[in-house]
Amino acid sequence: MPTQTLARVTEMTPLNDFAWSMTLEVSDMIRTTLKNPGQFVHVKCGDQRLLRRPISVCSCSEDSPSDLLRLVFEVRGDGTDWLAHRAVGDEVDVMGFLGSGFTLSPTGRYLLVGGGIGVPPMLGCAQSAPGRCDAVLGFRDKAHALLMDDFAPVCPTVAVATEDGSLGEKGFVTGPVEKLLKENHYDAVLCCGPKPMLMAAAQLAKAAGVPCQVSLEERMACGVGACLGCAVALTDGSMKHVCKDGPVFNAEEVVWNG
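None of the values given here were measured: they were computed from a predicted structure.

### Some thoughts on the overall build of the protein
And then number 1: The helix and strand tally for the protein stands at six helices and 15 strands.
And then number 2: Residues classed as buried in the protein amount to 50% of the 258 residues present.
And then number 3: A separation of at least 24 residues holds for 61% of the contacts in the protein among residues at least 6 apart in sequence.
And then number 4: When the accessible area of the protein is evaluated, it comes to approximately 11,900 Å², of which 51% is carbon and sulfur surface.
And then number 5: On the protein, the mean spot of the 22 positive side-chain charges and the mean spot of the 30 negative ones are 3 Å from each other.

### Let's talk about the pairing of strand E1 (residues 3-14)
And then number 1: Alignment of E1 against strand E6 (residues 91-98), held across six bridges, turns out to be antiparallel. The residue of E6 that forms the bridge with Thr3 is Gly96.
And then number 2: If you look at the hairpin formed by E1 and strand E2 (residues 19-25), you'll find four residues sitting between the two strands.

### Structural notes on the sheet that holds E1
And then number 1: Strand order in this closed barrel of six strands is E1-E2-E5-E4-E3-E6, and the pairing throughout is antiparallel. The mean angle between the axes of side-by-side strands here comes to 45°, regardless of whether they run parallel or antiparallel.
And then number 2: Bridge analysis of strand E3 (residues 40-43) against E6 gives three bridges, and the strand direction is antiparallel. What sits directly across from His42, in E6, is Met95.
And then number 3: Where helix H3 (residues 120-128) meets the sheet, its contacts fall on strand E4 (53-61) and strand E5 (68-74), and the angle it forms with E4 comes to roughly 30°.

### Description of the packing of aromatic side chains
And then number 1: Following the criterion strictly, the structure yields zero aromatic pairs and no others.
And then number 2: Sitting above the plane of the Trp82 ring, Arg86 keeps its charged end 3.9 Å from the centroid.

### As for the sheet that holds strand E15 (residues 248-250)
And then number 1: The strand order across the open sheet formed by seven strands is E10-E9-E8-E7-E11-E12-E15, and the pairing between neighbours is mixed. In this open sheet, the two strands that pair with only one neighbour each are strand E10 (169-170) and E15.
And then number 2: Sheet topology note: the strand E7 (residues 110-115)/strand E11 (residues 188-192) ladder contains five bridges and is parallel. Among the inter-strand pairings, Tyr110 is bridged to a residue of E11, identified as Ala188.
And then number 3: The strands touched by helix H5 (residues 174-183) are E7, strand E8 (133-139), strand E9 (158-162), E10 and E11; relative to E7, the strand with the most contacts, the crossing angle is about 180°.

### Quick notes on the environment of Val113
And then number 1: Structurally, Val113 can be placed in strand E7.
And then number 2: A C-alpha to C-alpha distance of 8.6 Å links Val113 and Leu198, two positions 85 residues apart in sequence.
And then number 3: Excluding residues within four positions of it along the chain, Val113 makes contact with Met122, Val136, Val173, Val177, Val189, Leu190, Cys191, Cys192 and Met197.

### Section: H5
It helps to recall that an α-helix has 3.6 residues per turn; residues three or four apart then point in one direction.
And then number 1: Listing the buried residues of H5 in full gives Pro176, Val177, Leu180 and Leu181. Take H5 and look down its axis: the buried residues cluster within an arc of 130°, on one side only.
And then number 2: Looking at the buried side of H5, the elements it contacts are E7, E8, E9, E10, E11 and helix H6 (195-207).

### Things to note about the environment of Ala202
And then number 1: Residue placement: Ala202 occurs in helix H6.
And then number 2: On the basis of relative accessible area, Ala202 is assigned to the buried category, the value being 9%.
And then number 3: C-alpha of Ala202 to C-alpha of Val189: the two residues are 13 residues apart in sequence and 8.0 Å apart in space.

### Comments concerning the side chain of Glu74
And then number 1: Looking at where Glu74 falls in the secondary structure, it is placed in strand E5.
And then number 2: Since its relative accessible area comes to 13%, Glu74 is described here as buried.
And then number 3: The residues touching Glu74, leaving out its near neighbours within four places in the chain, are Phe18, Ala19, Thr80, Ile117 and His144.

### Some points on the pairing of E7
And then number 1: With six of its six residues buried, E7 lies for the most part within the structure.
And then number 2: Covered by surrounding structure in E7 are Tyr110, Leu112 and Gly114 together with Leu111, Val113 and Gly115, the residues of both alternating faces.
And then number 3: Inspection of the sheet shows E7 paired to E8 by six bridges, in the parallel sense. Among the inter-strand pairings, Gly115 is bridged to a residue of E8, identified as Gly138.

### Some points on the packing of H5 against H6
And then number 1: Packing of H5 against H6 brings their axes to within 10 Å, and their N-to-C directions diverge by 20°. Classified by the angle their axes make, H5 and H6 are roughly parallel. With respect to the hand of their crossing, H5 and H6 are arranged in right-handed fashion. Of the residues in H6, those in contact with Thr174, Val177, Glu178 and Leu181 of H5 are Ala200, Leu204 and Ala205.
And then number 2: By residue class, the composition of the contact of H5 with H6 is five nonpolar, one polar and one charged.

Rules behind the numbers
Residues numbered from 1 in each chain as written. Predicted model: local features only at pLDDT ≥ 70, side-chain atom pairs only at ≥ 80, totals over all residues. Heavy atoms only, no water. Helix = DSSP H or I, 4+ residues; strand = E, 2+ residues; numbered from the N terminus. Buried < 20%, exposed > 50% of the residue type's maximum accessible area, 1.4 Å probe, protein only. Contact = heavy atoms within 4.5 Å. Areas by Shrake-Rupley, 256 points an atom, 1.4 Å probe, with all protein chains shown as cover. Lys, Arg positive; Asp, Glu negative; His and termini not counted. Charge placed at Lys NZ, Arg CZ, Asp CG, Glu CD. Pairing = 2+ DSSP bridges. Axes fitted to C-alpha atoms, helices over the stretch in contact; angles between N-to-C directions. Phe/Tyr/Trp six-rings, centres within 6.5 Å; stacked < 30°, edge-to-face > 60°. Lys NZ or Arg CZ within 6 Å of the ring centre and 35° of its normal. Arc of directions from axis to C-beta. Parallel < 35°, antiparallel > 145°, perpendicular 65-115°, else oblique. Left-handed = near helix turned anticlockwise from the far one by under 90°. Nonpolar A, V, L, I, M, F, W, Y, C, P; charged D, E, K, R; others polar.

Any link to function would need more than the numbers given here.
Here you go:
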């Protein structure tokens, strides 16, 4: 069961002109409720905002007396703007961990694909399987790039693509993904990012005969499956909640054009 806690901010670092890294002390939340990477937390962004903001977990570590949770987010509205103005020592109301994350085996090898703000949760996957993951990171441009230095110590290969070619390979993640799938054996492709990127990566994985897991992004209100705000259609005809049944699904389950 998820827990709710007033988490103390221990670190606030700007990663670029758009994104922040926030580290929180979250009591024993990691030890008692974390299941796997790819889950998210629901953060209350000030008393004036009714709805919490869902933020994917970037990385976390068990510690004493309090576990440490790292969130990486972009400022995209008044809620995340409020969050970006927190300082070390402030308290933030956090509920977690929510949803179901990625499934990794103790010996599996994985290709991680992250796009934009979908990159941070892939770092948690890489740190859960150090040395057994290659990563493809896609950004709009060099100014939006983040966390590359964090992937380097745990991933043998880190490929970067930007739409304008200002960093790494010019274009989308599909080029590096297709290349790595041809050159290596992977037990699964794990993806988080914009829907067109997820669909393209899933198609490449299917063509290579590799299972694919995707983390979907939908607008969430409650975060626990009580409302219908984040319902998605699956190929078996059912509707499921991204917040409760996901955000991670097997790619073949998803109705991409629905």
